[in-house]
Amino acid sequence: MKCNKRKLSEDQSHSDSRDVSSSSSSSSSSSSSSSSSSRPAGDETQHREQKKPRVHSMNGHEITTNGSGRLTELNGVGANGETQLGGVLWEGLPRDELVLLLLQTLQGLGLHDSVSVLEGESGIVLESPVVKRLHRGVLEGDWAVVREALDGLELCLEVWQACSFLVLEQKFVELMCADLLDEALTCLREELCPAVFDTHSSERLHRCCGLFLCEKTSEAAEGIQWSRSESRNALWQQIVALLPPHISVPPKRLARLLHQAWKFQESVCLLHDPENATAYYGLLEDHLCTQTSMPERCIATIEEQKDEVWFVTVSPSGRFGASCSKDKTVIVWENLAPNFPIVHRFHAHTEPASSLSFSHDDSKIASASNDKTVRVWAVTPVPSQPQQQANGQQGTKPATPLSQQQQKRGGAQILQDQEERREDGSRERDRDRERGKGRLLRTFCKHSDFVSSVAWLRDGKRLISSSFDKVIFLWDYTAPEPEHKWIFPARVQDVALTYEGARMCVVASDRTIKIIHIDSRRELFCLPEAEAVTSLCASRLSDTLLVSVSFQTPIIRLWDCNGRRVVARYKGHAQGRFVVRASFGGPGEAFVISGSEDCRVFIWHKVVGSLLAVLSGHAATVNAVVWPHMGRNGVSSFLFSASDDSTVRVWASEIPSWHGDRGCRGSTCGEGFEECVGVLENGRVEEQRGDEGGMEDVV
């Protein structure tokens with residue numbers, strides 16, 4: 001850590017400072033802004049080019065001198081005016097910097113008497129005389145004193161420009177809100193305009209000029225979200241954030257360090273569950289989760305498909321789940337335990353369906369198939385039985401005897417009532433068909449080989465599809481032709497969209513992972529892989545990517561797309577002949593999950609890489625898994641696994657309260673885990689076929 005220090009005299013050279021935020025980044029136009037300041041640009045450049053001799057304190061920290069051998073002033077300057085070097089260590093930490101953090105924390109807690117006592121005992125003060133003058137000038141609105149104090153701190157040019165502009169901006173706004181228009185105009189022309197030094201400050205200047213268009217002071221203050229009572233305190237916090245740490249302690253520094261320690265302890269806690277974690281973390285002991293909430297128990301089995309289930313996914317909100325199968329079907333269910341009612345069953349594909357993707361608003365689902373097509377379906381939830389009864393709707397039930405009241409009304413009246421109900425139901429079905437509920441909306445037939453992947457963009461209108469024909473199409477599902485076509489030198493294995501939705505990650509059979517910007521249509525960079533990549537999974541929360549590699553020893557790599565490096569690896573599963581998909585899972589995507597050819601599901605800790613759980617229960621290869629990071633009604637506690645045994649299993653962390661009434665009708669969950677405590681009972685099913693009419697458009 002750098003030793004705290006501050007300049008004592010005006011002839012000293014500039015001290016090192018931290019990087020400044022974007023509001024004070026550019027110095028290309030510094031000559032124009034420095035011309036109106038009290039510090040000439042030539043002198044500033046000369047100051048910045050001076051060499052800074054270095055001396056080393058006893059603890060190895062570098063301390064800047066002004067060339068005359070005098071040490072610069074510490075942030076914790078002694079109360080008696082004597083320099084404190086900060087070379088004394090306490091438990092391996094710089095004592096003086098620790099005292100400064102305590103002083104700042106006590107002041108933030110409002111314990112001002114304690115601050116005075118600690119300053120007196122330690123001989124270190126939180127703010128030097130120059131910083132105190134600056135602080136007092138900002139709070140009192142004495143802008144001349146503020147400018148003088150800024151010059152006395154001998155800041156580097158970028159920080160000085162940013163602080164000066166913020167001060168002049170505050171001065172101008174206060175004049176405007178006080179209806180002193182002539183003085184405000186003078187300030188704008190003679191001070192604020194020359195102080196502009198980069199693009200960001202230029203934009204802020206234009207917003208300030210727009211205040212003259214407001215008829216009333218209240219409109220001006222509201223237009224820039226300005227508050228007279230809080231603006232000066234906010235200005236001081238902005239200035240402190242810009243000042244180097246050896247001049248002023250960064251805001252809330254101790255709290256930030258403690259939060260960083262918390263985050264680190266969470267990241268290395270193997271059993272950490274953000275969903276069940278309490279809001280309060282104690283500071284008196286290390287963070288440790290003693291109980292796991294891993295979804296280790298199979299609570300339901302979806303047995304609606306007749307052949308291998310190749311893919312499973314969950315909608316962005318967590319409301320729906322869906323799977324596609326080698327039997328050419330796509331089923332959609334609602335994630336409502338215990339029944340997980342089936343919402344739709346689609347049969348339009350003529351070859352096995354291989355990939356699925358929900359639109360961002362859950363209203364549509366796209367399916368890719370070996371029949372070389374991509375189909376888009378409308379998704380609508382089916383009301384539960386209590387809701388149907390409340391709406392006057394009746395499900396499929398056995399015939400019941402007529403009541404006495406119906407017998408009195410006579411057979412003719414009964415027949416008339418039944419006919420009216422049939423007409424009402426027919427009209428309702430027609431309205432549903434017109435709205436496209438649960439219907440095939442469009443079919444895209446431009447690919448010339450198996451379609452390997454499909455994914456919706458965040459706008460809910462566009463989607464991309466990849467194929468073994470070495471082509472990726474960008475579609476607008478309302479348009480007959482694709483928006484764009486990318487051609488690759490090898491067949492495309494898989495495609496994934498990054499979390500912000502602006503880029504797509506493409507893996508081809510030539511063992512390259514290309515990152516492509518969708519709107520600009522250009523390739524940004526490549527991630528090198530030496531082995532064959534079978535599938536990708538992009539995080540929904542960060543710029544990371546899971547890459548499944550089939551090799552002698554199967555491995556899953558976690559790529560940081562920003563740093564373009566592998567940050568973690570996961571091993572233990574089996575993969576050789578088939579495509580086995582991995583994905584991020586759990587609350588906050590704290591885990592990595594994958595299927596396996598040995599019929600099991602593997603769960604690793606994402607940061608540490610430790611294998612946490614292995615779920616047994618399937619009777620064949622587990623092809624795909626999904627464990628939503630969030631959802632409604634606690635749906636994120638469900639993990640779904642799709643297998644070649646024609647089932648989708650639902651896993652949870654504990655046995656639900658309803659399992660005792662239902663009993664176990666499925667197979668056991670296997671090695672060391674509880675029995676499967678329920679088998680999916682069919683809800684209301686709506687079968688949809690492409691040849692039934694509706695709203696199908698074939699492209």
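Preceding this paragraph is the structure being described.
What you are looking at is a predicted structure, and each value in this text was computed from that prediction instead of being measured.

**Focus: a nonpolar patch on the surface**
Here comes step 1: On the surface, a nonpolar cluster with roughly 420 Å² of combined accessible area is contributed by Phe-264, Val-268, Leu-270, Val-607 and Val-608.
Here comes step 2: As for its position among the elements, Leu-270 is in the loop between helix 12 (253-268) and strand 5 (297-302).

**Here we look at the sheet that holds strand 15 (residues 462-467)**
Here comes step 1: Spatial strand order, 14-15-16-17: four strands in an open sheet with antiparallel pairing. Two strands bound the open sheet, and with one partner strand each, they are strand 14 (451-456) and strand 17 (484-487). Strand after strand, the sheet turns through a mean of 15° between neighbouring axes, direction not considered.
Here comes step 2: By the bridge criterion, five bridges tie strand 14 to strand 15 in an arrangement that is antiparallel. Looking at the pairing, Val-454 lines up with Ser-465 of strand 15.

**A look at the pairing of strand 23 (residues 544-550)**
Here comes step 1: The element strand 23 is largely enclosed, with a buried count of seven among its seven residues.
Here comes step 2: Covered by surrounding structure in strand 23 are Thr-544, Leu-546, Ser-548 and Ser-550 together with Leu-545, Val-547 and Val-549, the residues of both alternating faces.
Here comes step 3: The sheet contact formed by strand 22 (residues 532-538) and strand 23 spans six bridges and is antiparallel. Of the residues in strand 23, the one forming a bridge with Cys-537 is Leu-546.
Here comes step 4: Between the antiparallel neighbours strand 22 and strand 23 lie five residues.
Here comes step 5: Hairpin geometry of strand 23 and strand 24 (residues 555-560) is characterised by an intervening segment of four residues between the two adjacent antiparallel strands.

**Considerations on the sheet that holds strand 29 (residues 611-616)**
Here comes step 1: If you walk across this open sheet you meet the four strands as 26-27-28-29, and the pairing is antiparallel. The open sheet has two free edges, formed respectively by strand 26 (582-585) and strand 29, since each of these has just one partner strand. Across the sheet, the mean angle from the axis of one strand to that of its neighbour is 20°, orientation sign disregarded.

**Describing the pattern of salt bridges**
Side chains that carry opposite charge are capable of pairing whenever their charged atoms lie near each other.
Here comes step 1: For the structure on display, the rule yields 19 salt bridges.
Here comes step 2: Between Arg-204 and Glu-169 there is a salt bridge, with the nearest N and O atoms lying 2.6 Å from each other. Of this pair, Arg-204 sits in helix 9 (residues 199-209) while Glu-169 sits in helix 7 (residues 157-177), placing them 35 residues apart in sequence. Comparing Arg-204 with Glu-169 shows no difference in burial state: the two are buried.
Here comes step 3: When salt bridges that share partners are traced, they join Asp-459, Arg-462, Glu-483, Asp-519 and Arg-521 into one network.

**Quick word on the packing of helix 3 (residues 95-108) against helix 4 (residues 112-122)**
Here comes step 1: For the pair helix 3 and helix 4, the least separation of the axes is 8 Å and the interaxial angle reads 160°. Relative to helix 4, helix 3 is oriented roughly antiparallel. For the crossing formed where helix 3 meets helix 4, the hand is left-handed. Along its contact with helix 3, which presents Arg-95, Val-99, Leu-102, Leu-103, Leu-106 and Gln-107, the element helix 4 presents His-112, Ser-114, Val-115, Leu-118, Glu-119 and Ser-122.
Here comes step 2: Looking at side-chain class alone, the contact of helix 3 with helix 4 contains six nonpolar, four polar and two charged residues.

**Quick word on the state of the cysteines**
Here comes step 1: The final tally for this structure, using the stated rule, is zero disulfides.
Here comes step 2: Here Cys-156 stays free of any disulfide, with the sulfur of Cys-163 as its closest cysteine sulfur at 9.1 Å.
Here comes step 3: The thiol of Cys-505 is not disulfide-bonded; the next cysteine sulfur, from Cys-561, is found 4.9 Å away.
Here comes step 4: Assessed through its relative accessible area of 1%, Cys-505 is described here as buried.

**Quick notes on the layout of surface pockets**
Here comes step 1: Put simply, the second largest pocket is a space of about 1000 Å³.
Here comes step 2: Residue lining of the second largest pocket: 42 residues in total, with Thr-313, Leu-497, Cys-537, Ala-538 and Arg-540 positioned closest to the centre.
Here comes step 3: Put simply, the parts of the chain that give the lining of the second largest pocket at least two residues each are strand 6 (309-314), strand 10 (353-358), strand 14, strand 18 (492-497), strand 22, strand 26 and strand 30 (622-626).
Here comes step 4: When its residues are assigned to classes, the lining of the second largest pocket shows 25 nonpolar, twelve polar and five charged.

**What about the nonpolar core?**
Here comes step 1: Counting 42 residues, the largest nonpolar core has Leu-134, Phe-172 and Ile-239 as its most contacted members.
Here comes step 2: Residue assignment for this core shows that the elements contributing at least two residues are helix 5 (129-140), helix 6 (143-152), helix 7, helix 8 (181-192), helix 9 and helix 11 (228-242).
Here comes step 3: The biggest single contributor to this core is helix 7, with 14 residues.
Here comes step 4: Not counting residues up to four positions away in its chain, the partners in contact with Leu-134 are Val-146, Ala-149, Leu-150, Leu-153, Trp-236, Ile-239 and Leu-243.

Thresholds, definitions, all that
By convention here, each chain's residues receive numbers from 1 onward along its written sequence. With pLDDT at 70 or above as the cut-off, local features in this predicted model cover only qualifying residues; side-chain atom pairs require 80 or more to be listed or tallied, and sums for whole chains, interfaces and linings still use all residues. With hydrogens and water excluded, all non-hydrogen atoms of the structure serve as input to the side-chain values. A patch consists of residues exposed above 30% relative accessible area that lack any salt bridge, with like charges linked at up to 9 Å and nonpolar side chains (Val, Leu, Ile, Met, Phe, Trp, Tyr) linked at up to 5 Å. For every accessible area listed, the method is Shrake-Rupley and the probe measures 1.4 Å; residues are considered covered only by the protein chains on display. For salt bridges, the criterion is a side-chain nitrogen of Lys or Arg within 4 Å of an Asp or Glu carboxyl oxygen. Helix and strand assignments follow DSSP, with helices taken as H or I runs no shorter than four residues and strands as E runs no shorter than two, numbered in order from the N terminus. Any two strands are treated as partners once DSSP identifies two or more bridges connecting them. Note on geometry: axes are lines fitted to C-alpha atoms, helical ones only across the stretch in contact, with angles between N-to-C directions running from 0 to 180 degrees. Only protein chains enter the calculation, and the probe is 1.4 Å; a residue is then buried if its accessible area is under 20% of its type maximum, exposed if over 50%, and partly exposed in between. Just so you know how the angles are binned, under 35 degrees is roughly parallel, over 145 roughly antiparallel, 65 to 115 roughly perpendicular, and the rest oblique. Left-handed describes a crossing whose near helix is turned anticlockwise from the far helix through less than a right angle; right-handed describes the clockwise counterpart. Two residues form a contact once any of their heavy atoms are found within 4.5 Å. Three classes are used: nonpolar for Ala, Val, Leu, Ile, Met, Phe, Trp, Tyr, Cys and Pro, charged for Asp, Glu, Lys and Arg, and polar for all others, with Gly counted as polar. Note on terminology: disulfide denotes any pair of cysteine sulfur atoms within 2.5 Å. The method works on a 1 Å grid over the protein atoms by themselves. A cavity is a set of points holding a 1.4 Å probe that cannot get out, a pocket is an open set with protein on both sides within 12 Å along at least five of seven lines, and residues with an atom within 4 Å of a point line them. Grid points are joined across faces, edges and corners, and a volume is the space filled by probe spheres set on the points. Buried residues of nine kinds, namely Ala, Val, Leu, Ile, Met, Phe, Trp, Tyr and Cys, make up a nonpolar core once their side-chain atoms join them within 4.5 Å.

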